[in-house]
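Here is what each chain is made of, one letter per residue.
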Amino acid sequence: MKKRELKVSAINNGTVIDHIRPGNAFKVIKILHLDNYKDTITITSNVPSGVTGRKDIVKVENRALSPEEVSSIALVSPEATVNIIKDYEVIEKGNINLPETIYNIIACTNPLCITNHEDVPTVFNVERTNPLVLRCQYCERKMTEKDIIKVMG
Amino acid sequence: MLHDIISIRDFEKKDIEEILFTAKKMEQYVDNGTTLAKGKILSMLFFEPSTRTMMSFQSAMERLGGSVIGFSDTSTTSVKKGETLIDTVSTMDQYSDVMVIRNPLEGSARLAAEVAEIPVINAGDGTNQHPTQTLLDLYTIKKEFGSIDGLKIAMVGDLKYGRTVHSLAYALSMYNVELVLVSPRELRMPEDITEHLKDTIPYIEIVALEDLPKVDLVYVTRIQKERFGDPNEYERTKNTYRIDKNSIKLLGNAKIMHPLPRVSEIAREVDTSPNAIYFKQARNGIPVRMALIATLLEVLP
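Residues numbered from 1 in each chain as written. Chains lettered and ligands numbered in written order. Predicted model: local features only at pLDDT ≥ 70, side-chain atom pairs only at ≥ 80, totals over all residues. Heavy atoms only, no water.

Give a detailed account of the overall build of chain B, specifying residues and quantitative values.
Helix and strand counts for chain B come out as 10 helices and 9 strands. A globule of 301 residues ought to have a C-alpha radius of gyration of about 19 Å, and chain B, at 19 Å, matches this closely. Seen through its principal axes, chain B has C-alpha atoms that stretch 55 × 40 × 40 Å. When the 301 residues of chain B are sorted by exposure, 56% land in the buried category. The contacts of chain B with a sequence gap of at least 6 include a subset with a gap of at least 24, amounting to 71%. Carbon and sulfur atoms form 47% of the exposed surface of chain B, whose accessible area is close to 12900 Å². Taken together, the 36 basic and 42 acidic charged side chains of chain B have centroids lying 6 Å from each other. (Helix = DSSP H or I, 4+ residues; strand = E, 2+ residues; numbered from the N terminus. Rg over C-alpha atoms; globule rule 2.2 N^0.38 Å. Buried < 20%, exposed > 50% of the residue type's maximum accessible area, 1.4 Å probe, protein only. Contact = heavy atoms within 4.5 Å. Areas by Shrake-Rupley, 256 points an atom, 1.4 Å probe, with all protein chains shown as cover. Lys, Arg positive; Asp, Glu negative; His and termini not counted. Charge placed at Lys NZ, Arg CZ, Asp CG, Glu CD.)

Residue-level account of the overall build of chain A, with values.
Looking only at helices and strands, one finds 3 helices and 9 strands in chain A. Reading the secondary structure of chain A in the N-to-C direction produces β-α-β-β-α-β-β-β-β-β-β-α. The C-alpha atoms of chain A give a radius of gyration of 17 Å, which matches the 15 Å a tight globule of 153 residues would have. Projected onto its principal axes, the C-alpha positions of chain A cover 55 × 30 × 25 Å. Residue pairs at least 24 apart in sequence account for 56% of intrachain contacts in chain A once pairs closer than 6 positions are excluded. Only carbon and sulfur atoms are counted for the fraction: they give 49% of the accessible area of chain A, which is about 8800 Å². Computing the positive centroid from 20 side-chain charges and the negative centroid from 19, chain A places the two 8 Å apart.

Tell me what's going on with the domain arrangement of chain B, and back it up with residues and numbers.
Residues and elements named next belong to chain B. Domain annotation for chain B reports domain 1 (8–129 + 285–297) and domain 2 (132–282). Taken over C-alpha atoms, the centre of domain 1 sits 26 Å from the centre of domain 2. On the domain 2 side, the residues contacting the 29 residues of domain 1 number 23 residues. When the two sides are added together, the surface that domain 1 and domain 2 hide from each other amounts to roughly 2100 Å², 58% of it contributed by carbon and sulfur. Linking domain 1 to domain 2 there are 4 salt bridges. Close ionic contact of R9 with D192 constitutes a salt bridge, the shortest N to O distance being 3.7 Å. (Domains from an automatic or database assignment. Buried area = accessible area lost by both parts, 1.4 Å probe. Salt bridge = Lys/Arg side-chain N within 4 Å of Asp/Glu carboxyl O.)

Tell me about the packing of aromatic side chains, residues and numbers included.
Residues and elements named next belong to chain B. What the rule picks out here adds up to 2 aromatic pairs over all chains. Pairing F47 with F71 gives two aromatic rings, centres 5.3 Å apart and planes at 90°, and the pair type is edge-to-face. A residue pair is termed long-range when its members are at least 10 positions apart, and F47 in the loop between β1 (41–46) and α2 (52–63) and F71 in strand β2 (residues 67–71) qualify at 24 residues. The pair formed by F47 and F71 is uniform in burial state, with each residue classed as buried. Geometry around F57 places R289 over its ring, the cationic atom sitting 4.9 Å from the centre. (Phe/Tyr/Trp six-rings, centres within 6.5 Å; stacked < 30°, edge-to-face > 60°. Lys NZ or Arg CZ within 6 Å of the ring centre and 35° of its normal.)

Describe in detail the packing of helix α5 (residues 131–145) of chain B against helix α6 (residues 163–172) of chain B, supporting the description with residues and values.
Residues and elements named next belong to chain B. Following both chains from N to C, one finds α5 and α6 inclined at 55°, their axes separated by 9 Å at the closest point. Compared by their axis directions, α5 and α6 come out oblique. Here the hand of the crossing between α5 and α6 comes out right-handed. Contacts between α5 and α6 involve Q133, T134, D137, L138 and I141 from the first element and T164, S167, L168, A171 and L172 from the second. (Axes fitted to C-alpha atoms, helices over the stretch in contact; angles between N-to-C directions. Parallel < 35°, antiparallel > 145°, perpendicular 65-115°, else oblique. Left-handed = near helix turned anticlockwise from the far one by under 90°.)

Lay out the pairing of strand β8 (residues 217–220) of chain B in plain terms, naming residues and giving numbers.
Residues and elements named next belong to chain B. Because side chains alternate across β8, one face comprises the buried residues L217 and Y219, and the other comprises V218 and V220, equally buried. Two strands pair when backbone bridges link them, and β8 and strand β9 (residues 255–257) are joined in this way by 3 bridges, in the parallel orientation. Among the inter-strand pairings, V218 is bridged to a residue of β9, identified as I256. Crossover β8 to β9 through helix α8 (residues 231–240) is right-handed. (Pairing = 2+ DSSP bridges. Right-handed = clockwise from strand over helix to strand, strands pointing away.)

Please set out the sheet that holds strand β7 (residues 123–129) of chain A residue by residue, giving values where relevant.
Residue and element names in this part refer to chain A. Strand order in the open sheet formed by 4 strands is β6-β7-β8-β9, with antiparallel pairing between adjacent strands. In this open sheet, the two edge strands, each paired with only one partner strand, are β6 (101–103) and β9 (142–144). Across this sheet, the average inter-strand angle for adjacent strands is 30°, counted without regard to direction. Note that β7 and strand β8 (residues 132–136) share 5 bridges and pair antiparallel. When the sheet's bridge partners are listed, V126 is paired in β8 with L134.

Summarise the pairing of strand β6 (residues 178–182) of chain B; cite the residues concerned and give the values.
Residue and element names in this part refer to chain B. Among the 5 residues that make up β6, 4 are buried, leaving the element largely enclosed by the rest of the structure. Between the parallel pair strand β5 (residues 152–156) and β6, the chain is carried across by α6, and the sense of this crossover is right-handed. Relative to strand β7 (residues 203–206), β6 is paired through 4 bridges, and the arrangement is parallel. Residue L181 lies in a different strand from β7, and its bridge partner there is E205. Read as a crossover between parallel neighbours, the route from β6 over helix α7 (residues 191–200) to β7 is right-handed.

Give a detailed account of the packing of α5 of chain B against helix α10 (residues 285–297) of chain B, specifying residues and quantitative values.
Residues and elements named next belong to chain B. Where α5 meets α10, the axes come as close as 9 Å, and the angle between the chain directions of the two elements is 120°. Taken together, α5 and α10 sit at an angle that is classed as oblique. Here the hand of the crossing between α5 and α10 comes out right-handed. Taken together, the residues of α10 that come into contact with α5 (itself represented by T132, Q133, L135, L136 and Y139) are G285, P287, V288, R289 and L292. Of the residues assigned to the contact of α5 with α10, the class counts are 6 nonpolar, 3 polar and 1 charged. (Nonpolar A, V, L, I, M, F, W, Y, C, P; charged D, E, K, R; others polar.)

Right under this line is the structure:
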């Protein structure tokens, strides 16, 4: 089998989030609140993938993200996988499991929801995972995958 | 029992039954009052107008022997100076023992309940929830028929935007009932509710009142002009669902309920018919709200 050429170098220590849906890498960074991360983050977009055709990859250097931290990225990439790297070796590998509650990650699409008027964090309860349906704990409106992608820009 | 009354979605059937049972016990105090809540203060935070809900909460608290403070016009409060809901609620939390809130922003009562230590009752948060209306509707049905189980109930009119029918349909899905949803196609019950009904109770959807099967109860709602793009369509629809001395024949012996206020969907001539129970329904707001206040204040006899 021909070995595929590596487009981005491996990282020494940190977290590699693989199999992100193509085009969603920046949303993943936003969900993880890594917008202002001081160390290196490498984003690879539209990489050919045997499983899903194309994928994005995010590599966060020198930080091992916990399963709780990464769980919310299932909102935009439920098939993503997480690898924790130490000394160039994968020491932990896992899939993403969406938590029961999504806390302060996305805004509510309902303009009349109190969370869009008062300084309070949003809370969504996961009502269904496939297809994904969330319900705002405050205004009780449903949010679908389409709505989530829309509010995440 | 729940600490706050925010959404009918928070209720289990046993919670509803407990409130209905307590409301029945409160009937004995409706005419002559009681001192169960003596020394207790209910605060009313009404950020938008209301007739029935506000007055019946006030009446209920006074019949329980307690007193009432609050506002129904934000222009005379610090809200006008830009005070946040959180700060207004935190302040009233210090001044009273139970709080009733109506605010047009959806989820406002849930937030108030999180902020306040005292129990909070939602008296309407925009188009979202109005749980005390649902409880008084259920109480009215139980009082009129002896039991909610076994009934066939029609909901007529604007089923898309009317929060009372959404909450009532949700609550009725906990009982052994059948629903008939009667509305124009553009004002059908939202999918969110019908999906829940599919999993719980039998229901049918029809457009014409003439096609109504034999039912025990008809719950009529107001059709609002602003919901229609075409004014002619509004006029046509409005008259289609109007209950008057002629169309009432389509209902047989079915009782008629309406959350009020009505505009023209039920003619005044219907008020004296034995079918009409909507003013009794409004009156039932008193024992139900007395039951809620007494339960939350833990002053039950």
